[in-house]
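A closer look at the structure
Residues per chain, in single letters:
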Amino acid sequence: MVAQYHHSLRFDVDRCDGCMSCMRACPTAAVRIRNEHAVKLADRCIDCGECIRVCPRAAIVPLTDQMADLSKFECKVAIPSPALYAQFDSEVYPGMIFSALKECGFDDVESVSPACDAVTIATEIFINEYRGQYPLISSFCPTVVRLLQVKYPELVDQLLPVLAPREVSARAAKIRLAKETGLPMDRIGAVYITPCPSKIVAILEHPGMQQSHLDAAVSICDLFQILASAVSKIQETAYKIDPVESASGLDWSFVGRLPRSLPAENTLSVAGLPNVMRILDDIEKGRLRKYRYIECHACPEGCIGGCLTVENPYLARGKAIKLQQSLPAGCMVDRREVETAYRKKEFLMDEYLTGRPLRPLDADISRAILKMKERDRVLGELPRIDCGACGAPSCRAFAEDVVLGDADNELCVFFWRKELETRIEQLASLVRIQRHTAGGQL
Amino acid sequence: MMQEALESTYSILGRDFANAGRVSTQIKDTLKRLGVHPAVVRRVAIVSYEAEMNLVMYATRGKILLNVSSEEITLRIDDEGPGIRDVNLAMQEGFSTATPEMREMGFGAGMGLPNIKKNADEFNISSELGRGTRLHVVVKQTP
């Protein structure tokens, strides 16, 4: 039985013309072209959004929430990803964006920096007390978590079981607002302002948690224009004096900044899926045991490079660093309080993360071996140029599809060329025979 | 009935650091597609990676022969190279003849062979000075 997975992308058949851009870009070979349209293999897709980046026809629609969807909540609180700030010029202070978010229809905004600081402290405590296998792998990026579950299931136990800042922040916001408004928790909607679609999956599937504290996610790119116009009407001076975010909170939005308090020689930071996969390959081979913690971001440069942001990630990084210089550097939470809460398990996941490896060639190893031999035989007859005309990203993937009964040999254009050559040859010999019998009179 | 087995041979060149580690990645991917238990995949990944790196670092050239059946995974690693002078010494944790250059790259902690043995259910090593080294490793399918 194939498990049902939630996904945060939808392929729009009307817009898709089967150009193969997404198929070529997909890092897990989860796209096929069938009848001139792209289709997604649900068990392989890890919601990284690489297809969204490359689609020239905007045919891949992220299933993030729209502002209109949020009206079911009596009180809506925005939890901005720290990547949001890096989309604006560095003179636009977080406080101004808070006001703009309220203009856009949110009742309140929760600063994410205290949660970031608290999670950093919780991470340090966890790592210092951890006695299992190293390195620990960061779990805040839902795409990285899904990647491990699907392609590296034996490494799932090494995912850091500490909650992501967005979850801690959403929980804090709801507790605060329930007190302030008197509303029950389920009438308060915690809405993540997200740089990528994978947060939607994290809300729906809440890996490692019984339930997500977040209720919805609206994309940065959907909100950007209306936020920018609201920001342009705000006088900046007041917000410089009363900062709502800290420099360390912004650290979470780009690669290489976490956790600063661990000795640098014991940590690694990596961003971009191909790079993350290389590092995970090395961990599987037992190479990186001397590292204690590896920070993994699926997007290039980190969350600021999310596929639902608007700014070039390298420019965004520059803006974030510049903005950080004008924000307070200190920790926004009390270390003792965090330690006490940590002992009450407030920062730890409450469910085990489990792997869900890709369906192998066959559930029975002996039969899988037979199928792999057959796959290699099919592959031997293919041109191995990965042209994609059959609708699979590589000859190897195609051979596997054929063996699994998901594709037919005849989809390969080279198969047809061979077939045609054989028939031409047959026809030619037929003509020769006829010539011969006609005594050369033809 | 003959037991179904998959056999593959991978060639490796000594000093080919640009491609070092690729064979063990391929072996790992093959086992995953066959539905081998993740814990077993990991042990074989460690064995094949350590063996591949030893081969790249010390030998002139060599081959890894992979045999997978529903019972066990066998790796035979044959190399042409200088061989090992004292196999018992080489099996000791921390013993290494790595050059400073190899250590610079993060190898030579003297854990390669001990790690292979630790992750193997059966382990055999033989070496001839001036000729090469032969490893025979079996990892059972039951984790």
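Predicted, not measured: the structure shown is a model, and the values here were computed from it.

What to know about the sheet that holds strand β6 (residues 108–109) of chain A
All names here are of chain A. One open sheet accounts for four strands, arranged β6-β5-β8-β9; its pairing is parallel. In this open sheet, the two edge strands, each paired with only one partner strand, are β6 and β9 (216–219). The pairing of strand β8 (residues 188–194) with β9 spans four bridges and is parallel. Bridge pairing links T194 to S219 in β9. Its contacts with the sheet put helix α6 (residues 165–181) on β5 (75–80), β6 and β8, and the angle it makes with β5 is roughly 150°. Those strands touched by helix α8 (residues 220–231) are β8 and β9, and its axis lies near 60° from that of β9.

Quick notes on the domain arrangement of chain A
Residues and elements named next belong to chain A. If you check the domain split of chain A, you get domain 1 (9–62), domain 2 (67–343) and domain 3 (365–437). The straight-line distance from the C-alpha centre of domain 1 to that of domain 2 is 26 Å. Listed as interface residues are 12 residues of domain 1 and, on the opposing side, 16 residues of domain 2. Of all the elements, helix α2 (residues 50–54) adds the most residues to the side of domain 1 that touches domain 2, at three residues. Residues belonging to the side of domain 1 that touches domain 2 are distributed by class as follows: six nonpolar, two polar and four charged.

As for the interface of chain B and chain A
Across the boundary between the two partners, chain B contributes 22 residues, which contact 19 residues of chain A. Broken down by secondary-structure element, the contributors of at least two residues to the side of chain B that touches chain A are β1 (5–13), α1 (22–33) and α2 (38–58) of chain B. With seven residues, α2 of chain B is the single largest residue contributor to the side of chain B that touches chain A. Considering only residue class, the side of chain B that touches chain A consists of 11 nonpolar, seven polar and four charged.

With respect to the sheet that holds strand β7 (residues 136–137) of chain A
All names here are of chain A. Taking strand neighbours across the sheet as the criterion, the three strands line up as β7-β11-β10 in an open arrangement whose pairing is parallel. This sheet does not close on itself; its edge strands, each paired only once, are β7 and β10 (267–271). Pairing analysis gives five bridges linking β10 to strand β11 (residues 293–297), with the strands arranged parallel. Bridging from a neighbouring strand, V270 pairs with C296 of β11.

Digging into the environment of Y49 of chain B
Along the polypeptide, Y49 of chain B turns up in helix α2. For Y49 of chain B, a count of 26 C-beta atoms within 10 Å gives the class buried. Once the C-alpha coordinates of Y49 of chain B and R22 of chain B are considered, the two residues, 27 residues apart in sequence, prove to be 8.7 Å apart. Beyond its immediate stretch of four places on either side in the chain, Y49 of chain B contacts K285 and G286 of chain A together with G21 and S24 of chain B.

Details of the packing of helix α14 (residues 365–381) of chain A against helix α15 (residues 395–403) of chain A
Residues and elements named next belong to chain A. With their axes 8 Å apart at the nearest point, α14 and α15 run at an angle of 130° to one another. Judged by the inter-axis angle, α14 sits oblique to α15. When you trace α14 past α15, the crossing you get is right-handed. Seen from α14, the contacting residues are K371, E374, R375, V378 and L379; seen from α15, they are C395, R396, A399, E400, V402 and V403.

Considerations on the packing of helix α4 (residues 113–129) of chain A against α6 of chain A
The description of two packed helices rests on the angle between their axes and on the distance between the axes. Residues and elements named next belong to chain A. Where α4 meets α6, the closest approach of the two axes is 8 Å, and the angle between their N-to-C directions is 125°. By the angle between their directions, the pair α4 and α6 is classed as oblique. Handedness of the α4/α6 crossing: right-handed. Contacts between α4 and α6 pair A115, C116, A118 and V119 from the former with P165, V168, S169 and A172 from the latter.

Some words on the nonpolar core
V77, I79, I97, V119, L148 and V191 of chain A are the most contacted members of the largest nonpolar core, which has 108 residues in total. Looking at which element gives the most residues to this core, the answer is α4 of chain A, with seven residues. Looking at which domains feed residues into this core, each of domain 1 (9–62) and domain 2 (67–343) of chain A gives three or more. With 49 residues, the next largest nonpolar core counts L31, I46, M53 and L55 of chain B among its residues.

The rules behind these values
- Residues numbered from 1 in each chain as written.
- Chains lettered and ligands numbered in written order.
- Predicted model: local features only at pLDDT ≥ 70, side-chain atom pairs only at ≥ 80, totals over all residues.
- Pairing = 2+ DSSP bridges.
- Helix = DSSP H or I, 4+ residues; strand = E, 2+ residues; numbered from the N terminus.
- Contact = placed C-beta atoms within 7 Å.
- Axes fitted to C-alpha atoms, helices over the stretch in contact; angles between N-to-C directions.
- Domains from an automatic or database assignment.
- Nonpolar A, V, L, I, M, F, W, Y, C, P; charged D, E, K, R; others polar.
- Buried ≥ 20, exposed ≤ 12 C-beta atoms within 10 Å, placed from the backbone.
- Parallel < 35°, antiparallel > 145°, perpendicular 65-115°, else oblique.
- Left-handed = near helix turned anticlockwise from the far one by under 90°.
- Core = buried A, V, L, I, M, F, W, Y, C linked by C-beta atoms within 7 Å.

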